[in-house]
Amino acid sequence: MSDALRDQIRAFILENYLFTDDKSALGLDDSLLERGIVDSTGMLEIIFFIEEQLGVKVKDEEMVPGNLDGVNKIAAFVQSKQQAA
Amino acid sequence: MSASLVHDFDWIARQTPGAPALSWRGAVWSYGELRRAVGCMQRKLSESGVEPGSRVALLVRNSPHYVASYFGVIAAGCVAVPLNVQERASVLSRQIEHAGCSAVIADPQHPEWSALSTAIASAAPLLLTLDLQTATSGDAFCGALNVNSESSLPDLQGDEPAMMIYTSGTTSRPKGVLLSNGALVANARAIAAYLQITAHDKVLCGLPFHFSYGSSVLNSNLIAGAQLLLEDNFAFPQQTLKRMQEEGVTGFPGVPSTFALLLGRCQLSDFDLGQLRYITQAGGSMPRAQIEKLRQQLPHTQVFIMYGQTEATARLSYLSPEHLEDKLGSVGMPLPGVEIQIRSEGAVLPAGDVGEICARGPNIMLGYWREPELTAQVLRDGWLHTGDLGHLDDDGFLFIDGRAVEMIKVGAFRVSPQEVEEVLATYPGVEEVAVTGVADEVLGQSIKAVIVLREGAPPDLRGVKAHCRQHLASYKVPKVVEFAAALPRTSSGKVQRFKLA
């Protein structure tokens, strides 16, 4: 998995939900929901980010925690979509 | 006759002990199992010396553990104080202190728990932690508490307090709405009656139990023998809808943002929701277009539009589905046993005139905890003054025309602009600040802050937001922060919040 992609996703979440650039504030495997970092509408914003900034269309059935609830999960999902494209 | 939720729950649990009560993360708790767990929490509290009348805080997300603890606290004659699991430790500790809690029941995995347990250590309440991961059954719940269940649940007095819910006041001072056993059960029975809830119902609830709407869903279903499927959030609407289809869900309560999330990314018609008998909507007004979209996508499902507030336990009025079209925009008629009047300066107004919505009935709160003056302001000559503006039409249907008190409604949560302003004012370099609500497609409103900085102070957007996040629940953090040279004011110097948007 590319570090650049992971960094970009982490930076987005740090900037918009934790308001910091301190990487230690968010572990790559942390659950965004369990830690209370995003709520239901925050998750919707993350989906917009993936679609607008990372250029990957998220289908309805792909909106599941396994694809979206954490930096590593999002990165793996985005990468698999990019490779499939 | 004993009038309490515990009494009604106990009765139904004895009738159908094998029936499913709660379903959560793959585990199903039967009514009998839940009743034993309630008895275990009741005994644990009394064996630990927690006296009847004591306040007991709950910091537990929606789960069977929450439900067993909540009913257990009430069964022990204590006052359940459910805390908002989205709040920060500083606010939670202030509420626990304000309520004078003798015990705190908490999920130790909660992100604020370690800070909170330190903050309240000096007051030394009894701490009961519930491990949600391991105690997945009612028996495991009792085992973890190391007690046996009480064989019978007690009769409780209708006029004794049973629950306290903290709501947003106009300042950051905690405001605890104290509700009696009688108020809780009267409201729950009325709701169960008009929604015609039966033991055949399966209701999916993702509304948090610490706020009055979620709590009323819990109460009204568990006294009627229905099954509740518990969810934490609506972050993955596709998954929620799939669960509704697979389980054959018959009832679904939501707030406007719930339906915006469900309708925004998904086609409800892609799912087989043939069993879905009704949906309910409360927690602020929903745009007409959204109501119509729901009607189109779920033609067989009844839509109940409802209105109420925490000070009235939850519910004051509902719009019967057959009037959804001809009374579109109305929140319906008062529940049986509830009276509603529109008043202005003490006088009752005729149909059509806009004034303050006032209500009377068995579901009205006892008062605000330790706030006699505040209580006297809203409970006058037996009538609750809601602070909402509205009017009745010629047929007696209620319409909401706004709030008399300035409040922002983010999703269904009331946020006081003052509370956010008070936090922002403590950020270094802030000279003055004003906060208002601005239109938001999903949430109805989101929060905007306008800040005037002291001369030479740098406009640090991220710093301001980080400061807010540290001191406020995430949903109270302003989405938009602007820096300005001055705030809009009236000639008398009062800040005009409406001009900030």
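Procedures and definitions
- Residues numbered from 1 in each chain as written.
- Chains lettered and ligands numbered in written order.
- Predicted model: local features only at pLDDT ≥ 70, side-chain atom pairs only at ≥ 80, totals over all residues.
- Helix = DSSP H or I, 4+ residues; strand = E, 2+ residues; numbered from the N terminus.
- Rg over C-alpha atoms; globule rule 2.2 N^0.38 Å.
- Buried ≥ 20, exposed ≤ 12 C-beta atoms within 10 Å, placed from the backbone.
- Contact = placed C-beta atoms within 7 Å.
- Axes fitted to C-alpha atoms, helices over the stretch in contact; angles between N-to-C directions.
- Parallel < 35°, antiparallel > 145°, perpendicular 65-115°, else oblique.
- Left-handed = near helix turned anticlockwise from the far one by under 90°.
- Nonpolar A, V, L, I, M, F, W, Y, C, P; charged D, E, K, R; others polar.
- Domains from an automatic or database assignment.
- Pairing = 2+ DSSP bridges.
- Core = buried A, V, L, I, M, F, W, Y, C linked by C-beta atoms within 7 Å.
- Arc of directions from axis to C-beta.

The subject of this paragraph is the overall build of chain A. The helix and strand tally for chain A stands at 4 helices and 0 strands. The linear arrangement of helices and strands in chain A, starting from the amino end, is α-α-α-α. Computed over C-alpha atoms, the radius of gyration of chain A comes to 12 Å, within 12% of the 12 Å expected from 2.2 N^0.38 for 85 residues, which places it in the range of a compact globule. Over its C-alpha atoms, taken along the principal directions, chain A stretches across nearly 35 × 25 × 20 Å. For chain A, the residues scored as buried account for 32% of the 85 residues in total.

For the rest of this paragraph, the subject is the overall build of chain B. Counting secondary structure elements, chain B contains 14 helices and 27 strands. In terms of C-alpha radius of gyration, chain B reaches 23 Å, essentially the compact-globule figure of 23 Å for 501 residues. Along the longest, intermediate and shortest principal axes, the C-alpha atoms of chain B span 70 × 60 × 50 Å. Taken over 501 residues, chain B has a buried fraction of 52%. Put simply, of all contacts in chain B between residues at least 6 apart along the chain, 68% involve residues at least 24 apart.

To continue, consider the packing of helix H1 (residues 3-18) of chain A against helix H4 (residues 71-84) of chain A. All names here are of chain A. The interhelical angle for the contact between H1 and H4, taken along N-to-C directions, is 130°, at an axis separation of 9 Å. Taken as axis vectors, H1 and H4 run oblique relative to one another. As for how H1 packs across H4, the hand of that crossing is right-handed. Contacts between H1 and H4 involve Leu5, Arg6, Ile9, Arg10 and Ile13 from the first element and Val71, Ile74, Ala75, Val78 and Gln79 from the second.

At the interface, 16 residues of chain A touch 20 residues of chain B. At 4 residues, the largest contribution of residues to the side of chain A that touches chain B is made by helix H2 (residues 40-52) of chain A. By residue class, the composition of the side of chain A that touches chain B is 8 nonpolar, 4 polar and 4 charged.

Quick look at the environment of Leu324 of chain B now. All names here are of chain B. As for its position among the elements, Leu324 is in the loop between strand S14 (317-319) and strand S15 (333-334). Under the C-beta neighbour-count criterion, Leu324 is labelled partly exposed, with 19 such atoms within 10 Å. Along the backbone, Leu324 and Ala439 are 115 residues apart, and their C-alpha atoms lie at a distance of 25 Å. In contact with Leu324, other than residues within four places in its own chain, are Val303 and Leu319.

So, about the domain arrangement of chain B. All names here are of chain B. For chain B, the assigned domains read domain 1 (1-18 + 26-180) and domain 2 (408-499). Using C-alpha coordinates to define each centre, domain 1 is positioned 35 Å away from domain 2. Considered class by class, the residues forming the side of domain 1 that touches domain 2 number no nonpolar, 9 polar and 2 charged.

A word on the pairing of strand S25 (residues 430-440) of chain B. Residues and elements named next belong to chain B. Looking at chain direction, S25 and strand S26 (residues 444-453) are connected through 10 bridges and run antiparallel. Note on S26: the bridge partner recorded for Asp440 is Gly444. What sits between the antiparallel neighbours S25 and S26 is a turn of 3 residues.

Quick look at the nonpolar core now. Residues and elements named next belong to chain B. Grouped together as the largest cluster of nonpolar side chains are 179 residues, with contacts concentrated most on Leu34, Val56, Ala57, Leu58, Phe71, Ala80 and Val81. Taken together, domain 1 (1-18 + 26-180) and domain 2 (408-499) each give at least three residues to this core, which thus spans both. Excluding residues that lie within four positions of it along the chain, Ala80 makes contacts with Val56, Leu58, Tyr70, Val73, Ile74, Ala162 and Met163.

This part is about the pairing of strand S11 (residues 251-254) of chain B. On a regular strand, each side chain points to the face opposite its neighbour's, so the side chains alternate between the two faces of the sheet. Residues and elements named next belong to chain B. Neither face of S11 is open: one carries Gly251 and Pro253, the other Phe252 and Gly254, and all of them are buried. Summarising the sheet, S11 and strand S12 (residues 278-281) pair through 4 bridges and their orientation is parallel. Opposite Phe252, over in S12, you have Ile279 as the bridge partner.

Next up on the list: the environment of Val430 of chain B. Residues and elements named next belong to chain B. For Val430, the location among the structural elements is in strand S25. Spatially, the C-alpha atom of Val430 lies 46 Å from that of Leu319, the residues being 111 residues apart in sequence. With near-sequence residues (within four places) excluded, Val430 lies in contact with Leu424, Ala425, Ile451 and Leu453.

Here we come to helix H13 (residues 417-425) of chain B. Residues spaced three or four apart along an α-helix face the same direction, because each turn holds 3.6 residues. Residues of H13 of chain B that are buried: Pro417, Glu419, Val420, Glu421, Val423 and Leu424 of chain B. Residues of H13 of chain B that are buried in the fold lie against strand S23 (408-410), strand S24 (413-415), S25, S26 and helix H14 (461-471) of chain B.

A few words now on H14 of chain B. All names here are of chain B. For H14, the set of buried residues is Val464, Lys465 and Cys468. Taken end-on, H14 shows its buried residues confined to a sector of 95°, consistent with a single buried face. If you follow the buried residues of H14, they end up packed against H13, S26 and strand S27 (480-483).

Most peptide bonds are trans, and most residues other than glycine sit at a negative phi. All names here are of chain B. One non-glycine residue, Ala124, lies in the positive phi region at around 50°. Along the chain, Ala124 turns up in the loop between helix H5 (113-119) and strand S6 (126-129). Taking the C-beta count within 10 Å as the criterion, Ala124 has 8 such neighbours and is therefore assigned exposed. For Arg370, which is not a glycine, the phi torsion comes out positive at approximately 55°. Looking at the element boundaries, Arg370 is found in the loop between strand S19 (367-368) and helix H12 (372-378).

A few words on the packing of helix H2 (residues 31-47) of chain B against helix H6 (residues 138-145) of chain B. All names here are of chain B. Relative orientation of the contacting elements H2 and H6 amounts to 10°, with a least axis distance of 8 Å. Relative to H6, H2 is oriented roughly parallel. The element H2 and its partner H6 pack so that their crossing is left-handed. Facing H2, whose interface residues are Glu33, Leu34, Arg36, Ala37, Cys40, Met41 and Lys44, H6 presents Gly138, Phe141, Cys142 and Leu145. Class assignment of the residues belonging to the contact of H2 with H6 gives a composition of 7 nonpolar, 1 polar and 3 charged.

So, about the environment of Pro237 of chain B. Residues and elements named next belong to chain B. With respect to the element layout, Pro237 can be found in helix H9 (residues 237-247). The exposure class of Pro237 is buried, given the 23 C-beta atoms found within 10 Å. Between the C-alpha atoms of Pro237 and Arg265, which are 28 residues apart in sequence, the distance is 7.9 Å. If sequence neighbours within four positions are ignored, Pro237 has contacts with Leu261, Leu262, Arg265 and Cys266.

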